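Results of the structural survey
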Amino acid sequence: MRGPLAELFLREARLARRIGGGGAMGVVFFLILVTITPFAIGPDLNLLSRIGPAVLWIAALHAAGGGYMGMIVLLWLTHFAIALSFGYLLLRMETPPLAASFAVLMFGLTWTNQETLMWSMQWSAQLALLFFFAAWWLLILILETPAPASGLTCLYTLSVLASGLCSSRNMTGGAVLAVFILLSGTSRRHWLLCGLSLLPGALLACAMWLFVPYHQATVLSAASFGIYYFLLNPLYLLLSFPGRAVDVRALVIFGTAKILITAWALAHSRGALRRMLWTFLVFELITAASLGYARSYTGLPSTVSSRYQYLSLLCFAPAAGIAWASLRKQAQVLVLLISLGLIAYPWRTHLPFWAKLRGSDVRQELQQKSDDERFDPSSLTAGRARDLVHQYHLH
């Protein structure tokens, strides 16, 4: 008997086969729309930051023909591109192949990424990471080029800006890459690149401060949220034990394990590999600080929400891969088998739960709520949501 996900996939595949070149036309339409929109709007940064994600969404919906399966495929394709970019960066930064393979496996297959890979709202965060990796590649090329490379530098700055425009979580991407620049050297050229790296994030932060309402956070609540986020993720959801809760005991257990693994990797790395590890560590620390400022009102239990696992896994995986590669052969095999069980098998139990939470439950609320009622997780009223379903032929 086929599961609901398999039935949905087969239905979409049959529709695509009947339509003929619809898939390719959708991709072409999407690429054309997202390419020409910035030229049509002009250089208004505030306007782009507000409507850019909406343009991406509308383009993606039309490209997918209104089918949610098309959006899920788009999520997985973007995830695949990020995993490839991640693996390429690891090897470029002189990561041992075994360690790089383990890191990509851990990041690419872990079930705790379910929200990012099964809820189309998270596509913006994925695109932000994809542009971030593009900026990092370009930065490496710039640093390796003796002569000034104005074309590469322009592309680099635009990639940093695009990353921040896609998701507010990645507005700090330029600051992270500035750390990588200073770890590579402190010449006048390096400081100029730092300034260019920080400029897009500073502009976007000013735009958000002026036009986007934000929650007031005390220093203590923001610091607590950031500390819990940093120390608990990504191990808390991966390693379960009886009586587990988001408390000080979990903070000590998972935080100690994470710090020891990270310290081991840093102590046994040199040159480009160490610079990369420090950069990922700073990336996660800056993310923890920004989430503490913006999300502390949601409470400490939300620090281990599945929506926060994607970036945490990305930043921790290289250190975990280096620690794993340093083990003896027998221990490597044992840890690999245990890891595969921890990261892959729970998909079987969590998929139905997520399909119900963001699938059948949402559809049921959409049908039952009156026009002026709101329904979780959307901020829209049910009436407006039904209008959008009809307008974009969502199914």
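This one's a predicted model, so the numbers in the text were calculated from it and none came from an experiment.

Under the counting rule described, the total for this entry stands at 14 aromatic pairs. The residue whose ring lies beneath Arg 244 is Tyr 236, and the NZ or CZ to ring-centre distance is 4.4 Å. Between the NZ or CZ atom of Lys 258 and the centre of the ring of Phe 230, over which it lies, the distance is 4.3 Å.

Looking now at helix α10 (residues 188-211). Under the 1.5 Å per step criterion, the end-to-end length of α10 is 35 Å for 24 residues, consistent within 8% with the ideal 34 Å. Taken together, the buried positions of α10 are His 190, Leu 193, Cys 194, Ser 197, Pro 200, Gly 201, Leu 204 and Ala 207.

With that out of the way, let us pick up the confidence of the model for the protein chain. Averaged over all residues, the pLDDT of the protein chain is 80; the fraction at 70 or higher stands at 79%. Note on residues 15-41: pLDDT under 50 across the span, and 17 contacts to partners over four residues away in sequence or across chains.

Evaluated as defined, the whole model comprises 3 salt bridges. The salt bridge involving Glu 144 is made with Arg 92; its shortest N-O contact spans 2.6 Å. Here the residue Glu 144 occupies a position in helix α7 (residues 123-144), and Arg 92 occupies one in helix α4 (residues 68-92), the gap between them amounting to 52 residues. On the basis of relative accessible area, Arg 92 is assigned to the partly exposed category, the value being 28%.

Take the nonpolar core next. Among the nonpolar cores identified, the biggest contains 74 residues, and Phe 86, Trp 136, Tyr 156, Met 276 and Phe 280 are the most heavily contacted of them. Broken down by element, the residue count for this core peaks at 11 residues, all from helix α15 (residues 309-325). Contacts of Tyr 156, omitting those with residues within four sequence positions, involve Ala 135, Leu 138, Leu 139, Ile 142, Leu 177, Ile 181 and Ser 197. Ile 72, Leu 75, Leu 127 and Cys 166 belong to the second largest nonpolar core, which has 6 residues in total.

It is worth spelling out the side chain of Thr 262 at this point. Mapped onto the elements of the fold, Thr 262 is located in helix α13 (residues 248-267). For Thr 262, a relative accessible area of 16% gives the class buried. If we skip the residues at most four places from it in the chain, Thr 262 touches Leu 281, Phe 316 and Ala 319.

Where nonpolar side chains cluster on the molecular surface, the patch consists of Leu 239, Leu 334, Ile 338 and Leu 342 and spans about 320 Å² of accessible area. Examined against the element boundaries, Leu 342 turns out to sit in helix α16 (residues 329-344).

This part is about the environment of Ala 135. Summarising the element assignment, Ala 135 is placed in helix α7. For Ala 135 and Leu 161, which are 26 residues apart along the polypeptide, the C-alpha to C-alpha distance reads 9.4 Å. Contact partners of Ala 135, with chain neighbours within four places excluded, come to Tyr 156, Ser 159, Val 160 and Leu 177.

For α15, which comprises 17 residues, the first-to-last C-alpha distance of 23 Å matches the rise-based estimate of 24 Å (1.5 Å per residue) to within 8%. At Phe 316, α15 shows its strongest bend, of approximately 35°, with the proline Pro 318 following within four residues. Here α15 lies mainly inside the structure; 16 of its 17 residues are buried.

The rules we used
- Residues numbered from 1 in each chain as written.
- Predicted model: local features only at pLDDT ≥ 70, side-chain atom pairs only at ≥ 80, totals over all residues.
- Heavy atoms only, no water.
- Phe/Tyr/Trp six-rings, centres within 6.5 Å; stacked < 30°, edge-to-face > 60°.
- Lys NZ or Arg CZ within 6 Å of the ring centre and 35° of its normal.
- Helix = DSSP H or I, 4+ residues; strand = E, 2+ residues; numbered from the N terminus.
- Expected span 1.5 Å × (residues − 1).
- Buried < 20%, exposed > 50% of the residue type's maximum accessible area, 1.4 Å probe, protein only.
- pLDDT = per-residue confidence, 0-100.
- Contact = heavy atoms within 4.5 Å.
- Salt bridge = Lys/Arg side-chain N within 4 Å of Asp/Glu carboxyl O.
- Core = buried A, V, L, I, M, F, W, Y, C linked by side-chain atoms within 4.5 Å.
- Patch = residues over 30% accessible without salt bridge, like charges linked within 9 Å, V, L, I, M, F, W, Y side chains within 5 Å.
- Areas by Shrake-Rupley, 256 points an atom, 1.4 Å probe, with all protein chains shown as cover.
- Bend = angle between axes of the 7 residues up to and from the residue.

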